[in-house]
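# Residue-level structural notes
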Amino acid sequence: MAEKLQEHELGDFLHGHLNDNRYLIVLDDVWSPADWSCLVKKSSNDPDCLGSVFPDGGKGSRILLTTRYKEVASHADAFIDIDAESYLPDLKELGEKMVDKCNGLPLAIVLLGGLLSKNMSHIEWKKVHDNMSAYLAKEGQIAGVMTMLNLSYIDLPSYLKPCFLHLSLFPEDYVISTRKLLLLWISEGFVLQQDRQSMKDMAEIYLNELINRNLIQVVRTSVNARVMECRVHDFIQELAIEKAKEHNIIGTNIVVDPHLFPSSSPSLFSSKSRRQSIYSDFERYASIEHYSTSYLRSLLYFNLGGICRISQLDFITKCFKVLRVQDLEGLGIENVPSIIGELIHLRYLGLRHTGLKMLPLSIGNLRNLQTLDINNLKRVPDVIWKITNMRYLYIEEQEEDDPLKIDTVQNLQILSGITFNQWIRNNSSKLTSLEKLKIEGRCELVEEVDIPSLAMSSCPHLCKLDIKGRMQKLTETFKFPRNLSQLTLEACRLECDPMPILEKLPNLLTLRLRAGSYLGKEMHVYADGFPRLQILQLLRFKELVWLNILKGAMPWLMQLEFDNFKTEIFGLNEPLNLVEVKIPFSSLLAMILFHKIEDSFWGLTRIAGAEGGMHICRQKGLTLASSKQALEQLADFLEQCSKLNFV
């Protein structure tokens, strides 16, 4: 609809839609006064109002403008308050001086905010101000940013500095898997064990600290708000590289591509370097001499596009005998030599997306290996039981279902990709450290008497379970771990409603039911079902037409996500704590429909990315009566959406 309107018609349409509503309009990064005037379109007939596009209806509407140019802000000063007294006068004066030194660069200001937010005393602010002056060696915008970066680095506690410097190994603008990043930090020995916290939990705490200090940017989060992907700003990575070289903690990042760097030579490799990353031509890297880097501890490869293959990996074992971390994700590998078993110090071995189908039996000699990350193997060699220090084992999408003994690996915390048949042939009661389990393949058990052999209740710390594969049915005899807090089902092809069984799990917080997990048309959640559930995700349910939530069910449900408006949801007014709903589309018609809700208790934002959608959030601090009214509004909106033609 919007695509067919001319500019003035779109302006009139927006004016008509906004005229009787209270609204907030955000205009980000306006470049010129002319752009602002064009957007606002002041009315010559009524110079005191905002204009034909954004009407001033006296309802407290606001326009939020961001710009990097002072003249734009001055041009729009009628609509912004630049004299707000948010701080004590002495802090305000110091703050203004420090912002001036940032030269108007958003990154520097954000970093300054992260630095100052930890302590609001005048003494601490004065310290930051004085250090800024000391570090300003020259004028210019880049110097201002690097000043703030230096201060942010100096302010890091000692346990975070190695993690920050490690970021220098990653390519510019590279989207980093946080799962990999945390496991690399653990394997490098950067993460300290504290109390009862697992190493992975501690690594995640470190990550969040760096995020809160604005040194790492979040790219993507999971349904339960955990960071899945992140990246590092160019300037921040530049600082990490500079500091890493200064301290000889991490060597120069290595890019050996004859087309990009025809003059590159072995002199690029510092003899002091203990960690190296290769961004492109691995074959050329393998062909040069590595005598000066015989004490290399970490070798990372990043596939930045194109196909790169290597026929021989013998040189790694021969040249880098004290290697601890080897990650070759994305590198085409024909085979792994048996002499890899001589890398007795290896803690991390990453071979995901390499095309490998077999691993040598000598892999069992890697007694210090903590992480093995590989997928699409034809079969996993039955020697994992020898690697008793293994903590994180990822072996997804095995082609064959051969026996695999793992119950001797008592330190195992994450096991992802084991098949049903492999699992039932192990004594799970010995896996006392297991926290997360993903089972794949087809469950061949058909007799109810056999189903208890899948029981995981003997794993006291198992809290996350992911089942991907055909099961046909769940029965009362299927014993889930009592401490289970997150459950994911996918491609299970269940024919009977799983809710009557799943709703009895006393500690379940997150339930994710994905494509093919249930083939029926109805789901029922009964009274007192899911007593602690907070997040419910129903994705790609093509056949489901009815979800019935009875009174008293899911009392703590806070977030609901689904992608099929053909599913009618009854009883949505029951979960009084529901504050977030994610739905699959963000069309103009749906947004207009949403904004027509009178006295709405909900706010709406569009979800960025390929999948898109709408994120609907409820206002905070509502009374019980208002909460009930809000849920009635939501149910009515979803019912109207289900009748739209585009669904």
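Keep in mind that what you see is a predicted model, and the values were worked out from it rather than measured.

### Examining the overall build of the chain
A count of helices and strands for the chain gives 17 helices and 26 strands. For the chain, with 647 residues in total, the buried portion stands at 47%. The contacts of the chain with a sequence gap of at least 6 include a subset with a gap of at least 24, amounting to 51%. Summing over all exposed atoms, the chain offers an accessible surface of approximately 31,800 Å²; the carbon and sulfur share of this is 50%.

### Some remarks on the pairing of strand β2 (residues 62-65)
Across the two faces of β2 the burial differs, with I63 and L65 buried and R62 and L64 not buried at all. In terms of strand pairing, strand β1 (residues 24-27) meets β2 through four bridges, oriented parallel. Looking at β2, one finds that L27 is bridged to L65.

### Notes on a nonpolar patch on the surface
On the surface, L24, V26 and L64 cluster together into a nonpolar patch covering about 290 Å² of accessible area. For V26, the location among the structural elements is in strand β1.

### Topic: the sheet that holds strand β5 (residues 227-231)
The three strands lie next to each other as β3-β5-β4, forming an open sheet whose pairing is antiparallel. What marks the edges here is a single partner per strand, and that holds for β3 (176-177) and β4 (217-221). In the sheet, β3 pairs with β5 via two bridges, with the strands oriented antiparallel. Bridge pairing links S177 to E229 in β5.

### Things to note about helix α17 (residues 624-641)
The end-to-end C-alpha separation of α17 is 26 Å, in line with the 26 Å expected for 18 residues at 1.5 Å each. Three or more residues of α17 are buried, namely S626, S627, A630, L631, Q633, L634, F637, L638 and C641. Looking down the long axis of α17, one finds its buried residues gathered within 155° of arc, a one-sided arrangement. In this structure, α17 carries L624 and A625 as exposed residues pointing more than 90 degrees from its buried face.

### Considering the pairing of strand β24 (residues 580-583)
As paired strands, strand β22 (residues 559-562) and β24 are joined by three bridges and run parallel to one another. The partner of L560 across the bridge, within β24, is V581. Pairing analysis gives four bridges linking β24 to strand β26 (residues 614-618), with the strands arranged antiparallel. Each bridged residue has a counterpart across the sheet, and for V581 the counterpart in β26 is I616.

### Considering the environment of L538
Within the secondary structure layout, L538 lies in strand β20 (residues 535-538). Sequence spacing of L538 and F562 is 24 residues, and the spatial spacing of their C-alpha atoms is 4.8 Å. If we skip the residues at most four places from it in the chain, L538 touches L513, L547, E561, F562 and D563.

### Some words on helix α9 (residues 178-188)
Among the eleven residues in α9, ten count as buried, and that is most of the element. Along α9, the positions that sit buried rather than exposed are T178, K180, L181, L182, L183, L184, W185, I186, S187 and E188. Of the residues trailing α9, G189 is marked for its positive phi of about 85°.

### Remarks on the packing of aromatic side chains
All told, the structure shown has eight aromatic pairs when counted by the stated rule. Each ring, one from Y279 and one from F302, has its centre 6.0 Å from the other, and the planes form 70°; the classification is edge-to-face. Residue Y279 is found in the loop between β6 (275-278) and α12 (282-287), and its partner F302 is found in the loop between β7 (298-301) and β8 (309-310); the two are separated by 23 residues along the sequence. Y279 sits in the buried class, given a relative accessible area of 12%.

### Considerations on the sheet that holds strand β23 (residues 568-570)
An order of β19-β21-β23 is seen for the three strands of this open sheet, with the pairing classed as parallel. The outermost strands of the open sheet, each flanked by one partner alone, are β19 (522-525) and β23. Averaged over all pairs of adjacent strands, the angle between their axes in this sheet comes to 10°, without regard to strand direction. When β19 meets strand β21 (residues 546-549), the two strands line up parallel, connected through four bridges. When the bridges of β21 are listed, M523 appears paired with L547.

### Some details on the pattern of salt bridges
In this structure the tally under the stated criterion is 17 salt bridges. The partner of E329 in a salt bridge is K180, and the shortest N-O contact between them spans 2.7 Å. Remark: K180 occurs in helix α9 and E329 occurs in the loop between β9 (325-327) and β10 (332-333); sequence separation between them is 149 residues. Note that E399 is salt-bridged to K357, the shortest N-O span being 2.5 Å.

### As for the confidence of the model for the chain
The predicted coordinates should not be examined in detail at positions where pLDDT is low. Of all residues in the chain, 79% have pLDDT values of 70 or greater, and the mean over the chain is 81. This stretch, residues 42-50, has a pLDDT under 50; its non-local contacts, to residues over four places away or in other chains, come to eleven contacts. Segment residues 446-453: pLDDT under 50, and eleven contacts once partners within four positions in sequence are set aside and those in other chains are kept.

Parameters at a glance
- Residues numbered from 1 in each chain as written.
- Predicted model: local features only at pLDDT ≥ 70, side-chain atom pairs only at ≥ 80, totals over all residues.
- Heavy atoms only, no water.
- Helix = DSSP H or I, 4+ residues; strand = E, 2+ residues; numbered from the N terminus.
- Buried < 20%, exposed > 50% of the residue type's maximum accessible area, 1.4 Å probe, protein only.
- Contact = heavy atoms within 4.5 Å.
- Areas by Shrake-Rupley, 256 points an atom, 1.4 Å probe, with all protein chains shown as cover.
- Pairing = 2+ DSSP bridges.
- Patch = residues over 30% accessible without salt bridge, like charges linked within 9 Å, V, L, I, M, F, W, Y side chains within 5 Å.
- Salt bridge = Lys/Arg side-chain N within 4 Å of Asp/Glu carboxyl O.
- Expected span 1.5 Å × (residues − 1).
- Arc of directions from axis to C-beta.
- Phe/Tyr/Trp six-rings, centres within 6.5 Å; stacked < 30°, edge-to-face > 60°.
- Axes fitted to C-alpha atoms, helices over the stretch in contact; angles between N-to-C directions.
- pLDDT = per-residue confidence, 0-100.

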